[in-house]
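Working through the structure, step by step
Single-letter residue listing:
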Amino acid sequence: MLENHEKGYNMVKKVCTIMHSLVDDWKPSPCTSRPGKPWRVVIPARISHTGKQTSKYFATKGEAEGFIAEQIRNLKRFGTVNGKSIDIDAYKWNTVDEILSEIGVTPLEAATHYVALVKRAGSVAKLGTLVEMGRGVAPPDADMSPSLRELASTASTAKAHNSRVTVISRKTRLGRLERLCPDLVARPCAAITPAMIRDALDTCHAGHPTSWNNLKRELSTLFNFAIKRGWIIKNPVDPIDKLPVQEAEIVALTPDQLIALFQACTPPQEIDKAAPVYQRRVAAQDTTDLRLYVALGAFAGIRPWELTRLTWEDISLEDGVVSVRAKHSKTGGARHVTIQPVLKAWIQACRPHNAGLEDPVINPADLKTRLFALRTRAGYSPENPWPHDCLRHSFASYSMKAGHDLNQLSNDMGHVGTALLKTRYLNMRGLTKESAARYWSITPEYLATHGKKSGHTA
């Protein structure tokens, strides 16, 4: 580009025009076509990898603006929009020109100087280490510290005893960091600065404060591990503040909605051969045995992941508890959940007569599809979405309304104390003592005598 001035001029002019247009005009707009997602972001045809205008929809204006900010940043850094490459190499040149213009250096001068420094240092990684040592950030042997990738691998091996949920969450978060920030994970951990961490968090989770904070916590744990091993002298995550997160209101099912969910546990339905493939697959699902999935979630507050790991050995009607083993719990600690009378009725009604102690309580075969079929039959859809973790939330909310012992409830939920219950579940809107009494009376017998008459739907 530097040797062909006319081509270079036209390319930069084109990029500047697009970039200014994005910065000035690319904003979310209100939309009524998607219930629950009233904010629309249009990806213009001029930067879409398909060459056609596309749209994405969001629940809040903040999420939409965060998506736009992330796309503009990725456009500048990687030449991608919505995770797809676009054919405009000039973005990279434009970014380089903008950066270097602040100090009056041309790209050719900067490249020549940088190559000379890298050759003197021995590698790009060592050059970065030397720079950080000059700032007093890295210890004297910083270039000998493991890379962030190696640190993560070593820490994962040392923490293999953590619960399966924790291990998978850690792997997922660090895997995203590896994909989106390969340069960072290749750097020696002692040469990583707070600014680098902050940029990586923004790259991975701009506009999503909860995920941003979760990755920050994961990285902080990693660097604390490195401090214990003597590889770094201070944690670069410490100066970074958490992002504020607005807690979503807890959603609890009404007794009618819970009844509808139980009624949706049915054999395969009649299949319309003219229906789309996914509808035929949903209709073909047998959801009868999911009654215990619903009952254990609604009347014991057991997390979905924990439910899939229960065996019949973990359920003791004699002792009146459901045991969640440490290796299957989210927090890594075992707990014993009290079996309420309504749950006991469901267990007695649904337990197979030939069930062995090691047999799973919830059949894992094609479980994700069967749960989707269950919720679809109960009336949930993209327009009426299934509330996340609502069975567990319903258990806690109706327990509070029914006056169950707060300390026992906290233990059943797997919480360290009662603070979370008091702040998130105490003032549930729309819940009454009468609705709580009805909720705790939904046994198989109640359903047989009352459910069909009322014809409840979601």
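Along each chain, residue indices are assigned from 1 in the same order as the chain's sequence is written. The predicted origin of the model limits local features to residues at a pLDDT of at least 70 and limits the giving and counting of side-chain atom pairs to 80 or more, whereas totals for whole chains, interfaces and linings rest on all residues. Side-chain calculation: all heavy atoms of the structure are included, whereas hydrogens and water are not.

Examining the environment of A402
Where helices and strands are cited, they refer to DSSP runs of H or I of at least four residues and of E of at least two residues respectively, numbered from the N terminus. As for its placement among the helices and strands, A402 is situated in the loop between α17 (390–401) and α18 (406–413). The spacing of A402 and A437 is 35 residues in sequence and 6.7 Å in space, taken between C-alpha atoms. In this view, A402 contacts A436 and W440; residues no more than four positions away in its chain are not counted. In what follows, residue pairs with any heavy atoms lying within 4.5 Å of each other are defined as contacts.

What about helix α7 (residues 164–180)?
When the terminal C-alpha atoms of α7 are compared, their 24 Å separation across 17 residues agrees well with the 24 Å that a helix rising 1.5 Å per residue should span. Residues of α7 that are buried: V165, R170, L174 and L177. One side of α7 carries all its buried residues, which in axial view fall inside an arc of 145°. Exposed and facing more than 90 degrees away from the buried side of α7 are K171, T172 and R179. Of the surrounding elements, those touching the buried residues of α7 are α6 (148–158), α8 (182–186), α9 (194–205), α10 (209–228) and α14 (304–307). A helix is expected to span 1.5 Å for every residue after the first. Under the scheme applied here, a residue whose accessible area is under 20% of the maximum for its type counts as buried, over 50% as exposed, and between as partly exposed, the area being computed with a 1.4 Å probe on protein chains only. Arc, as used here, means the arc of the directions from the helix axis to the C-beta atoms.

Observations regarding the packing of helix α13 (residues 291–300) against helix α15 (residues 341–350)
All axes here are fitted lines through C-alpha atoms, helices being fitted over the stretch that makes contact, and every angle between N-to-C directions spans 0 to 180 degrees. Contact geometry of α13 with α15 gives a least axis separation of 10 Å together with a crossing angle of 165°. Between α13 and α15, the angle falls in the class roughly antiparallel. Two packed elements cross with a definite hand, and for α13 against α15 that hand is left-handed. Of the residues in α15, those in contact with R291, L292, A295, L296, F299 and A300 of α13 are V342, L343, W346, I347, A349 and C350. Three categories are distinguished: nonpolar for Ala, Val, Leu, Ile, Met, Phe, Trp, Tyr, Cys and Pro, charged for Asp, Glu, Lys and Arg, and polar for the others, with Gly belonging to the last. Here the contact of α13 with α15 is built from residues that sort into eleven nonpolar, no polar and one charged. Roughly parallel refers to an angle under 35 degrees, roughly antiparallel to one over 145, roughly perpendicular to one between 65 and 115, and oblique to any angle outside these ranges. Crossings are assigned a handedness: left-handed for a near helix turned anticlockwise from the far helix by less than a right angle, right-handed for a clockwise turn.

Observations concerning empty space enclosed by the protein
Of the grid points, spaced at 1 Å and generated over the protein atoms alone, those admitting a 1.4 Å probe that cannot get out make up cavities, while open sets with protein on both sides within 12 Å along at least five of seven lines make up pockets; any residue with an atom within 4 Å of a point is treated as lining. Grid points are joined across faces, edges and corners, and a volume is the space filled by probe spheres set on the points. A complete count under the given rule lists one cavity of 30 Å³ or more for this structure. What the largest cavity holds in volume is close to 30 Å³. As for the largest cavity, its lining consists of L261, Y293, V294, L371, L374, R375, W386 and L391. Every element with two or more residues in the lining of the largest cavity is listed here: α13 and α16 (367–377). It is α16 that contributes the most residues to the lining of the largest cavity, three residues altogether. Residues that form the lining of the largest cavity fall into these classes: seven nonpolar, no polar and one charged.

Thoughts on the nonpolar core
For the purposes of this section, nonpolar cores are sets of buried Ala, Val, Leu, Ile, Met, Phe, Trp, Tyr and Cys residues that join through side-chain atoms within 4.5 Å. Among the nonpolar cores identified, the biggest contains 55 residues, and L258, F262 and F299 are the most heavily contacted of them. For this core, the element with the highest residue contribution is α13, accounting for eight residues. When neighbours within four sequence positions are excluded, F299 is seen to be in contact with L258, F262, Q340, V342, L343, W346, F395, Y439, W440 and I442. V185, F223, V237 and I240 belong to the second-largest nonpolar core, a separate cluster that totals 26 residues.

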